[in-house]
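Residues per chain are reported as follows:
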Amino acid sequence: MTAGRGIVHCEMPCGEEEAVGLQLWVNLAAEHKMTEPQYQELLDKDIPKISKNGVHCSAIAGESSLGIKSPVYTRTPTTYLDYKLDPGASVEQDIPDGWNAFMYTISGSIRVSGGNDVYDAHRTLVLSDGPGPVRIENPSNEQAHIVLLAGKPLREPVVQHGPFVMNTKEEIYQAMQDYSSGKNGFEGANKWRSEGIEWSMLGGKA
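My aim in this report is to walk through the structure given alongside it, one point at a time.

### Topic: the overall build of the chain
Right, so step 1: Assigned secondary structure in the chain consists of two helices and 11 strands.
Right, so step 2: Along the chain direction, N to C, the helices and strands of the chain fall in the order β-β-β-β-β-β-β-β-β-β-β-α-α.
Right, so step 3: The C-alpha extent of the chain, read off along each of the three principal axes, is 55 × 45 × 30 Å.
Right, so step 4: For the chain, the proportion of its 206 residues judged to be buried stands at 32%.
Right, so step 5: Partitioning the intrachain contacts of the chain with sequence separation of at least 6 by distance along the chain shows that 62% fall at a separation of at least 24.
Right, so step 6: Split by element, the accessible area of the chain, about 13200 Å² in all, is 50% carbon and sulfur.

### Focus: the sheet that holds strand 6 (residues 111-112)
Right, so step 1: In spatial order, the strands read 4-8-6; together these three strands make up an open sheet with antiparallel pairing. Either end of the sheet is taken by a strand with one partner, and the two such strands are strand 4 (90-93) and strand 6.
Right, so step 2: Bridge analysis of strand 6 against strand 8 (residues 134-137) gives two bridges, and the strand direction is antiparallel. Residue pairing across strands places Arg111 opposite Glu137, the latter belonging to strand 8.

### Remarks on the pairing of strand 2 (residues 55-61)
Right, so step 1: Of all seven residues that make up strand 2, five are buried, and the element is covered over most of its length.
Right, so step 2: With four bridges connecting them, strand 1 (residues 49-52) and strand 2 associate as antiparallel partners. Each bridged residue has a counterpart across the sheet, and for Lys52 the counterpart in strand 2 is Val55.
Right, so step 3: The hairpin formed by strand 1 and strand 2 contains two residues between the paired strands, and Asn53 there has a positive phi angle of roughly 50°.
Right, so step 4: Pairing analysis gives six bridges linking strand 2 to strand 3 (residues 78-85), with the strands arranged antiparallel. Across the sheet, residue Val55 finds its bridge partner in strand 3, namely Leu85.

### Quick word on the sheet that holds strand 3
Right, so step 1: The strand order 1-2-3-9-5-7 describes an open sheet built from six strands, whose pairing is antiparallel. A single partner strand is all that each edge strand has here, and the edge strands are strand 1 and strand 7 (124-126). Strand-to-strand twist of the sheet, defined as the mean angle between neighbouring strand axes without regard to direction, takes the value 20°.
Right, so step 2: Pairing between strand 5 (residues 100-107) and strand 9 (residues 144-151): seven bridges, direction antiparallel. Considered in strand 9, the bridge of Met103 is made with Leu148.

### Section: a nonpolar patch on the surface
Right, so step 1: On the surface, Leu24, Val26, Phe102 and Val126 cluster together into a nonpolar patch covering about 340 Å² of accessible area.
Right, so step 2: Its place among the elements puts Phe102 in strand 5.
Right, so step 3: Residue classification places Phe102 among the partly exposed residues on the basis of a relative accessible area of 30%.

### Digging into the nonpolar core
Right, so step 1: Judged by nonpolar contacts, the single largest core of 23 residues is most densely connected at Tyr83, Ile95, Met103, Ile110 and Ile136.
Right, so step 2: Mapped by element, the contributors of at least two residues to this core are strand 2, strand 3, strand 5, strand 8 and strand 9.
Right, so step 3: A total of four residues in this core trace back to one element, the largest contributor, which is strand 9.
Right, so step 4: Setting aside its immediate chain neighbours within four residues, Met103 contacts Ile110, Val112, Arg123, Thr124, Leu125, Leu127, Ile136, Ile146, Val147 and Leu148.

### Section: the side chain of Asn167
Right, so step 1: Residue placement: Asn167 occurs in the loop between strand 11 (164-166) and helix 1 (169-181).
Right, so step 2: Once you skip the residues sitting within four places of it in the chain, Asn167 turns out to touch Ala30, Lys33, Glu156, Pro157 and Val159.

### Some thoughts on the pattern of salt bridges
Note that side chains of opposite charge can pair when their charged atoms are close.
Right, so step 1: Under the definition given, this model contains seven salt bridges.
Right, so step 2: Here Asp44 ties to Lys49 by a salt bridge, and the two come within 3.5 Å at their closest N and O atoms.

### Considering the packing of aromatic side chains
Right, so step 1: All chains considered together, the criterion is met by one aromatic pair.
Right, so step 2: Seen from their ring centres, Phe164 and Tyr179 are 6.2 Å apart, and the 65° between their planes marks the pair as edge-to-face. Highlighted residues: Phe164 in strand 11 and Tyr179 in helix 1, separated in sequence by 15 residues.
Right, so step 3: Looking at Phe164, the relative accessible area reads 15%, which means it is buried.
Right, so step 4: Exposure remark for Tyr179: the relative accessible area of 40% places this residue in the partly exposed category.

Parameters at a glance
Residue positions are counted from 1 within each chain, in the order its sequence is given. The predicted origin of the model limits local features to residues at a pLDDT of at least 70 and limits the giving and counting of side-chain atom pairs to 80 or more, whereas totals for whole chains, interfaces and linings rest on all residues. Heavy atoms throughout the structure, all of them, feed into the side-chain values; hydrogens and water do not. Helical segments are the DSSP runs of H or I of at least four residues, strand segments are the runs of E of at least two, and each set is numbered from the N terminus. Burial classification: accessible surface area is computed with a 1.4 Å probe over protein chains only, and a residue below 20% of its type maximum counts as buried, one above 50% as exposed, and the rest as partly exposed. What makes two residues a contact is simply this: any of their non-hydrogen atoms within 4.5 Å. Note on areas: Shrake-Rupley, 1.4 Å probe, and residue coverage restricted to the protein chains presented here. Pairing between two strands requires that DSSP report at least two bridges joining them. Every axis corresponds to a line fitted to the C-alpha atoms, with the helix fit spanning only the stretch in contact, and the corresponding angles, defined between N-to-C directions, vary from 0 to 180 degrees. Like charges are joined within 9 Å and nonpolar side chains (Val, Leu, Ile, Met, Phe, Trp, Tyr) within 5 Å, but only among residues with over 30% relative accessible area and no salt bridge; these make up the patches. Should a side-chain nitrogen of Lys or Arg be within 4 Å of a carboxyl oxygen of Asp or Glu, the pair is scored as a salt bridge. Working definition of a nonpolar core: buried Ala, Val, Leu, Ile, Met, Phe, Trp, Tyr and Cys residues. They are joined through side-chain atoms within 4.5 Å. Two rings belonging to Phe, Tyr or Trp (six-membered ring only in the last case) form a pair when the distance between their centres is within 6.5 Å. Interplanar angles under 30 degrees mark stacking, angles over 60 mark edge-to-face geometry, and anything in between is tilted.

Shown next, in the form of structure tokens:
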């Protein structure tokens, strides 16, 4: 979803089954801050996937070094890859020069770029901006599940207040005023209702 000039939304999972979710917020460049809001829905069946030598990859955004590319368009150049590595498996992933990158271990444990340290579940690893691809290895006897994320730095000032993210304090004040007065993307905000929030408040009961 691209919030752009303004959108009121709810990202609340609905259903009886237990779910694990990750939500990533990516800043927009100043030139795109006031673009029209857009939404791209990519179902699991539509996400490019590949399995090779014990490595299972889903390309949510960007391109995997294993040869698959996501159809998702991101205004801020972004890579979002979901990797599952069988015991003993390894993979190398290219990251463009100058990009920021990090990994998050969802389950299992990994080693990075030939190092001796082993990182277990629920660890965030910020990668250094060095030459060559990052190598991810699974040294354990159980499957490892991670996400690798990378993006091109905008190198612009960031000012945040509540849900609003702009480049200056003046822009923040304007966004808050627009929301209060229902204009510049917030025309329907005062009448907006969320079935997801109502569903959760009722304890999952219709």
